[in-house]
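Single-letter residue listing:
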Amino acid sequence: MSKAYAIKAQNLSKNFGNIHAVNRLNLQIPYGKTYGLLGPNGAGKTTTVRMLNAIISKTSGNASVGGYDIVAESQKVKMICGFLPESPGLYSKLTAREFLEFIGELYYLPKNVISTRIDELLEIFDLEGRENDLLEGYSRGMKQKVCLCAALIQDPDILFLDEPTSNLDPAAARMVKDLISELVKKADKTVFICTHLLDTAEELCDIIGIIINGELKAEGTPREIIDSVGAKDLEDAYLKITGASHIDDLLAWRNGNSNNYEYNNKEQTKRKKKTKKSR
Ligand SMILES: Nc1ncnc2c1ncn2[C@@H]1O[C@H](COP(=O)(O)OP(=O)(O)O)[C@@H](O)[C@H]1O
Ligand SMILES: [Mg+2]
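Residues numbered from 1 in each chain as written. Chains lettered and ligands numbered in written order. Predicted model: local features only at pLDDT ≥ 70, side-chain atom pairs only at ≥ 80, totals over all residues.

## What about the overall build of the protein?
Rules: Helix and strand assignments follow DSSP, with helices taken as H or I runs no shorter than four residues and strands as E runs no shorter than two, numbered in order from the N terminus. Between the buried cut of 20 or more and the exposed cut of 12 or fewer other C-beta atoms within 10 Å of a residue's own C-beta lies the partly exposed class, and all C-beta atoms are placed from the backbone.
From N to C terminus, the protein includes 10 helices and 10 strands. Buried positions account for 35% of the 279 residues belonging to the protein.

Written as structure tokens, this is what we have:
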């Protein structure tokens, strides 16, 4: 397949039984760009990146990453890509340094290169001093940072990030966003981000694709997407394109938590009675 694009997909599809998770997806992403795949939960974002990284097989269609076919040249695809999975598996009985050494070795990096990269990454992600602690003792955000270090350790040309800021506190999320911008600007990387966060997509991405029920419904620069539906900003455009109701979203917690509300009331009454008795 063509080397002209960093990522190219032609009618790429994935079915899980009767579910069309990704349906005839077409992508042409140039090198050096940041692409954001935006869509609600269950839209097919994770399935798309897992296919593009040769982690799961496609049902039909074709795709290439860095010019390599995702099926016939899957090993080459894996060597040139960094991937931050949505729910990464970490070896909890390893320290951060041991885990990153292990990942570096999977990419056949020389030991001295691995050691230098780990030091640099730990400094960037503010994990110095904790690198010899077991991962089981890390917070979710710290684990996310270690996984980002793992995605960057072989200095990949193409970086796939599935919900990169979702587990991070605002300061760490800011740092990750700045790092992504720097990687694209200075190191000329291609970055493919899956996110449901509009502000992340708008800030970082040159091109945005909006996916719903496995189908790409809109694609372009944030400005083009906004103008295409006469919206006032990207949030407005997203809501128009996905047909989502803002009010329904805002009030969804009432349905989900109504039982908790009752439970909390009962608990409160019980506690009040106990307090009265003990007086
Ligand atoms: N391993 C799987 N087995 C069965 N269904 C799956 C599997 N992975 C994803 N799906 C289904 O595919 C659809 C897309 O999921 P996913 O790609 O995870 O969406 P997103 O990342 O946009 O939230 C959903 O309906 C999901 O339930
Ligand atoms: Mg997902």
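## Examining the packing of helix H3 (residues 96-106) against helix H5 (residues 140-152)
For the record, the criterion: Axis lines are fitted to C-alpha atoms, over the contacting stretch for helices. Their N-to-C directions set the angle, which ranges from 0 to 180 degrees. Oblique is the label for every angle not falling under 35 degrees (roughly parallel), over 145 degrees (roughly antiparallel), or within 65 to 115 degrees (roughly perpendicular). Crossing handedness is read from the near helix: turned anticlockwise from the far helix by less than a right angle, it gives a left-handed crossing, and turned clockwise, a right-handed one. Each residue gets a C-beta atom placed from its backbone, and two residues are in contact if those atoms lie within 7 Å. Polar here means any residue other than Ala, Val, Leu, Ile, Met, Phe, Trp, Tyr, Cys and Pro, which are nonpolar, and Asp, Glu, Lys and Arg, which are charged; Gly is therefore polar.
Relative orientation of the contacting elements H3 and H5 amounts to 25°, with a least axis distance of 9 Å. If you check the angle between H3 and H5, you find them roughly parallel. Between H3 and H5 lies a crossing whose hand is right-handed. When H3 is examined against H5, the residues Ala96, Phe99, Leu100 and Ile103 are found in contact with a partner set consisting of Val146, Cys149 and Ala150. Considered class by class, the residues forming the contact of H3 with H5 number 7 nonpolar, no polar and no charged.

## With respect to the environment of Glu101
In this fold, Glu101 is placed in helix H3. What makes Glu101 partly exposed here is the crowd of 18 C-beta atoms within 10 Å. Taking the C-alpha atoms as reference points, Glu101 and Ala150, 49 residues apart in sequence, are found 9.1 Å from one another. In this view, Glu101 contacts Ile114 and Ile118; residues no more than four positions away in its chain are not counted.

## Structural notes on the confidence of the model for the protein
Spelled out, the test is: The quantity known as pLDDT measures the predictor's confidence residue by residue, on a range of 0 to 100.
Taken over all residues, the pLDDT of the protein has a mean of 87, while the share at 70 or more is 86%. When the criterion is pLDDT under 50, residues 257-279 qualifies, and its contacts beyond four places in sequence or with other chains add up to 0 contacts.

## Quick notes on helix H1 (residues 45-52)
Of all 8 residues that make up H1, 8 are buried, and the element is covered over most of its length. Those residues of H1 that fall on the buried side of the exposure criterion are Lys45, Thr46, Thr47, Thr48, Val49, Arg50, Met51 and Leu52. Immediately downstream of H1, the backbone of Ala54 shows phi near 60°, a positive value.

## Some thoughts on the packing of H3 against helix H4 (residues 111-124)
Contact pair H3 / H4: the axes reach a minimum separation of 10 Å and the direction vectors enclose 135°. With respect to each other, H3 and H4 are oriented oblique. Where H3 crosses over H4, the handedness of that crossing is right-handed. Within the contact between the two elements, H3 uses Arg97, Leu100, Glu101 and Gly104 and H4 uses Ile114, Arg117 and Ile118. Of the residues that constitute the contact of H3 with H4, the class distribution is 3 nonpolar, 1 polar and 3 charged.

## Considerations on the nonpolar core
The test is simple: The term nonpolar core refers to a set of buried Ala, Val, Leu, Ile, Met, Phe, Trp, Tyr and Cys residues connected through C-beta atoms within 7 Å.
Among the nonpolar cores identified, the biggest contains 66 residues, and Val65, Cys149, Phe160 and Phe192 are the most heavily contacted of them. At 8 residues, H5 tops the list of elements feeding residues into this core. Apart from the residues lying within four places of it in its own chain, the contact partners of Phe160 are Val49, Leu52, Asn53, Cys81, Gly82, Phe83, Leu84 and Phe192.

## Some details on the site of ligand 1
Let me state the cut-off plainly: Only the C-beta atom matters for this test: placed from the backbone, it must lie within 6 Å of a molecule or strand for the residue to be near it.
Phe16, Ile19, Ala21, Gly39, Asn41, Gly42, Ala43, Gly44, Lys45, Thr46 and Thr47 make up every residue found near ligand 1. Elements with a minimum of two residues in the shell around ligand 1: strand E2 (19-29) and H1. If you tally residues by element for the shell around ligand 1, the top one is H1, at 3 residues. Partitioning the shell around ligand 1 into residue classes produces 4 nonpolar, 6 polar and 1 charged.

## What to know about the sheet that holds strand E9 (residues 207-212)
Selection rule: Two strands form a pair only when DSSP identifies at least two bridges running between them.
The 6 strands lie next to each other as E6-E7-E8-E3-E9-E10, forming an open sheet whose pairing is mixed. Edge strands, defined here as strands with exactly one partner in the open sheet, are strand E6 (81-84) and strand E10 (215-220). This sheet shows a mean twist of 15° between the axes of neighbouring strands, independent of strand direction. Pairing analysis gives 5 bridges linking strand E3 (residues 34-38) to strand E8 (residues 190-195), with the strands arranged parallel. The partner of Gly36 across the bridge, within E8, is Ile193. Against the sheet, H5 makes contact with E6 and strand E7 (158-162), and its axis sits at roughly 170° relative to E6, the strand it touches most.

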